[in-house]
Each structure stands twice: as C-alpha cells, then as structure tokens.
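Secondary and tertiary structure notes
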Amino acid sequence: MPLTPSYPQLLLRGLLAGLVAGLLAGTFAHLAGEPHINAAIAIEEAGAPAGDAIVSRDVQSGPGLFLATGLYGVALGGILATAYTVLRRRLHTGSDTTAALSLAAAALTGIVLVPYLKYPPNPPAVGDPATIDQRTAAYLAAVALGLVAVWAAALAARTQTHPWARATAAAAAFLVVVTIAYTLLPTFHEVPDDFPATLLWDFRISSLGTQTILWTALGLGFAGLLARLTHRTETPATVP
Amino acid sequence: MPKAQALTTPTISTRLLATAAGVTGIMLLLAYLVAFDQGALSQSGTYLHELMHDGRHLLGVPCH
Ligand SMILES: [Zn+2]
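Residues numbered from 1 in each chain as written. Chains lettered and ligands numbered in written order. Predicted model: local features only at pLDDT ≥ 70, side-chain atom pairs only at ≥ 80, totals over all residues. Heavy atoms only, no water.

Chain B appears in an unreviewed UniProt entry as CbtB-domain containing protein from Actinoplanes flavus.

Chain A is annotated in an unreviewed UniProt entry as CbtA family protein from Actinoplanes flavus.

Re the overall build of chain A
Counting secondary structure elements, chain A contains six helices and zero strands. Expressed as lengths along the three principal axes of its C-alpha atoms, the size of chain A is roughly 70 × 40 × 25 Å. Pairs at least 24 apart in sequence give 83% of the contacts found in chain A among residues at least 6 apart. Here chain A has roughly 12,100 Å² of accessible surface; of this, 70% comes from carbon and sulfur atoms. Charged side chains in chain A number 12 positive and 13 negative. The centres of these two groups are separated by 24 Å. (Helix = DSSP H or I, 4+ residues; strand = E, 2+ residues; numbered from the N terminus. Contact = heavy atoms within 4.5 Å. Areas by Shrake-Rupley, 256 points an atom, 1.4 Å probe, with all protein chains shown as cover. Lys, Arg positive; Asp, Glu negative; His and termini not counted. Charge placed at Lys NZ, Arg CZ, Asp CG, Glu CD.)

Some words on the coordination of the zinc ion
Residues and elements named next belong to chain B. Around the zinc ion, the protein contributes the donor atoms His53 (NE2), His57 (NE2) and Cys63 (SG), at 2.0 to 2.3 Å from the metal centre. Counting gaps between the donor residues of the zinc ion yields the pattern H-x3-H-x5-C. Of the two residues, His53 is situated in helix α3 (residues 53-58) and Cys63 in the segment after α3; the sequence distance between them amounts to ten residues. In terms of burial, His53 and Cys63 fall into one category: buried. (Donors = N, O, S within 2.8 Å, 3.2 Å for Na, K, Ca; no water. Buried < 20%, exposed > 50% of the residue type's maximum accessible area, 1.4 Å probe, protein only.)

Notes on the interface of chain B and chain A
Contact with chain B, which involves 40 residues of that partner, is made by 64 residues of chain A. Summing the contributions of chain B and of chain A, the shared interface buries around 4,300 Å²; its carbon and sulfur component is 71%. Going through the elements one at a time, α1 (14-35), α2 (47-51) and α3 of chain B are the ones with two or more residues in the side of chain B that touches chain A. No other element matches α1 of chain B, which puts twelve residues into the side of chain B that touches chain A. Residues of the side of chain B that touches chain A, tallied by class, amount to 25 nonpolar, twelve polar and three charged. (Buried area = accessible area lost by both parts, 1.4 Å probe. Nonpolar A, V, L, I, M, F, W, Y, C, P; charged D, E, K, R; others polar.)

Notes on helix α5 (residues 163-184) of chain A
Compared with an ideal rise of 1.5 Å per residue, which puts 22 residues at 32 Å, α5 of chain A spans 32 Å between its outermost C-alpha atoms and is within 8% of the ideal. Buried positions along α5 of chain A lie against α3 (96-118) and α4 (132-158) of chain A. (Expected span 1.5 Å × (residues − 1).)

Focus: the nonpolar core
Membership of the largest hydrophobic core comes to 41 residues, with the highest contact counts inside it found for Tyr72, Tyr84, Leu214, Trp215, Leu218 and Phe222 of chain A. Once residues lying within four places of it in the same chain are set aside, the contact partners of Trp215 of chain A are Leu76, Ala104, Ala107, Leu108, Ile111 and Val112 of chain A. (Core = buried A, V, L, I, M, F, W, Y, C linked by side-chain atoms within 4.5 Å.)

A look at the UniProt feature "transmembrane region" (unreviewed entry) in chain A
Residues and elements named next belong to chain A. UniProt annotation of "transmembrane region" (unreviewed entry) refers to residues 66-87, 99-117, 137-157, 164-185 and 205-227 when read in the numbering used here. Taken end to end, residues 66-87 is 100% helix and 0% strand, and its first and last C-alpha atoms sit 31 Å apart. Helix makes up 100% of residues 99-117 and strand 0%, whereas the separation of the span's terminal C-alpha atoms amounts to 26 Å. (UniProt positions renumbered as here; feature names shortened; annotations may be inferred.)

Notes on the UniProt feature "transmembrane region" (unreviewed entry) in chain B
Under the present numbering, the feature "transmembrane region" (unreviewed entry) in UniProt falls on residues 12-35 of chain B. For residues 12-35 of chain B, the end-to-end C-alpha separation is 31 Å, with 92% helix and 0% strand making up the annotated structure.

Concerning the packing of aromatic side chains
Counted under the stated rule, the structure contains four aromatic pairs over all chains. Aromatic pair Tyr139 of chain A and Phe36 of chain B: ring centres 6.5 Å apart, planes at 55 degrees, arrangement tilted. Of this pair, Tyr139 of chain A sits in helix α4 while Phe36 of chain B sits in the loop between α1 and α2, on two different chains. Classification of Tyr139 of chain A by relative accessible area gives buried; the value is 5%. Taking the relative accessible area as the measure of exposure, Phe36 of chain B reaches 17% and is therefore buried. Both rings, one in Tyr32 of chain B and one in Phe36 of chain B, keep their centres 6.1 Å apart while their planes meet at 45 degrees; by these two values the pair is tilted. Through a chain of ring-to-ring contacts, the aromatic side chains of Tyr139 of chain A together with Tyr32 and Phe36 of chain B assemble into a single cluster. (Phe/Tyr/Trp six-rings, centres within 6.5 Å; stacked < 30°, edge-to-face > 60°.)

Some thoughts on the packing of α3 of chain A against α5 of chain A
All names here are of chain A. At a minimum axis separation of 11 Å, α3 and α5 run at an interaxial angle of 45 degrees. Between α3 and α5, the interaxial angle falls into the category oblique. Along this stretch, α3 crosses α5, giving a crossing that reads as right-handed. From α3, Thr109, Leu113, Val114, Leu117 and Lys118 reach across to α5, where they touch Phe174, Val178 and Tyr182. Considering only residue class, the contact of α3 with α5 consists of six nonpolar, one polar and one charged. (Axes fitted to C-alpha atoms, helices over the stretch in contact; angles between N-to-C directions. Parallel < 35°, antiparallel > 145°, perpendicular 65-115°, else oblique. Left-handed = near helix turned anticlockwise from the far one by under 90°.)

The structure is reproduced here in structure tokens:
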C-alpha cells in the first residue's frame, strides 16, 4: 500500500530543510565570503568614502547575512517541495531519495551553474550602477534559460532507451540550449582594470561555495525528511 | 518492483495545482524580497535591502 503524504506535509519539510540549508550556507558565507566582501568594501571606500550607512557592517555581515540566506533557503525549499509534489510521478524512479536529489541537482545546475558561468557574481566595488536594471534582467533570463536547458536535457533523455544514449542525448540537448542562451544574452564588462584579480577570484569561489552548499544541504535535508516520513508512517503497520 | 518504501505524491487535482501555484507565488515573493527588493515590497525604505546586502552578493545576485 503506497503512502501518500499530503502537500502540506511535503511543503513543511521543504521549508524546514530550506531554513537549515540557508543557515548552513550563511555560516559558510560568513566564514569564507565575508573577508573578501570586507576587502572589496575597503577598496571601494578608498576611492569614494561612503556616507553614513543605514545598517552597520557588523550587522550586514552577521545577522543580515544569516537573515538573507535563511529566508532565501526557505523560499527555495518551498519551491523544491512544490516541484517535488507536482513532478514526482513524472520522474520515473521508485526511490523518493533519487527523485528529491535529482530535482535539487537540476535546480543547482539550472538556477546556479548556468547563470554563474555567464554572469559570475561580483563583490562590492565592481559593477556600474547605471546598468543594474539590465544586469538584473539578464541574470533572471539566465536563470530561466538554465531551467529550460535542464528540462530539455530531461526530455531528450526520454527519447532514448540505452543508458549511454540517454546520457549523451541529455548532454547534447543541455549544451545546445546553453550555447544558444549564452550567445543571445548580453555581455557586461564591469570589472575595473585595477581591481585585484585574486580578490575577485576568491570572492567568486566563496559565492559558488555558498550556493552549492545551500542546494546540496537542501536536497539532502529534504530527502532525509522524506525518508523519515516513510519510516514513521510505515512502522506501525507491517509491510508485506 | 522493489519500491515498497516509496511514497506516492497526492493526486494532482486542479485544487492542488491552484494551491501549489499560490505557494510558488509566495515563495517567489520571498526570494524577490531577499534578492531584488529595494523597499517597494518590504515598505521598510531601504532598511531590509541594506540589511541583506552581503547575502545578495554571496548568493550570486547582481547588486549594484
Ligand atoms: Zn552591493
């Protein structure tokens, strides 16, 4: 007898896993990312001293950072649980863990990696305020196209039966969509010539780490809570 | 098939889809609040925007 958790049960687990994942990512961001943000702000202020800040640096780099990653994690957790609820039956796998982790991996690829490689994130002091609206729109378009690329890969895999052919078809479809997307999306050159290359690199790696930890912890956390739900619901009744 | 442990998901009814769409909308608003809002949504001036400034950078969102 299959177990059918309700959507609220699934959603609650997604939100919880998202909160924990967001706080974990925030911890990494605080330890690994903040030194680079502070260094970039020091460069920025050397060029143009800022006026009185509304929020102090200590609050931005501590509670503010954890609030941001925590809320972002909750939002992504809710979206993951909703996608799981709606798409679970189409994922053609008997394993809930595989289904949950596949969705998280797809999201990490489409929402993080595809936009990241086209528009690598920048620390403070990099970026022309005049183009922020165009860059924001382009970033959102890259996220959307990243999800389209992942979807195209999943559809292409279904056209084949042999595992090798499935993987090759998925990779080809993904690359075609990403190549077209990268060609169509605008390019921005916004790093000042004299900005330290190592600082830029270190910041970008810490940002990638933050986002990877968020999605990995979210996928594992959600899958783990699903497994507990199965276990708990099944224990009273004897499974044949 | 060895999938006695698998859960199924609720049947996809129109009502479930409507709820799921509503929840997705709320979640996107929450993500927007963190990533892009400059006070229009939060009605806090730029306080929340400034408060979550470092998170925006490290979450890979264009900031300024
Ligand atoms: Zn900024």
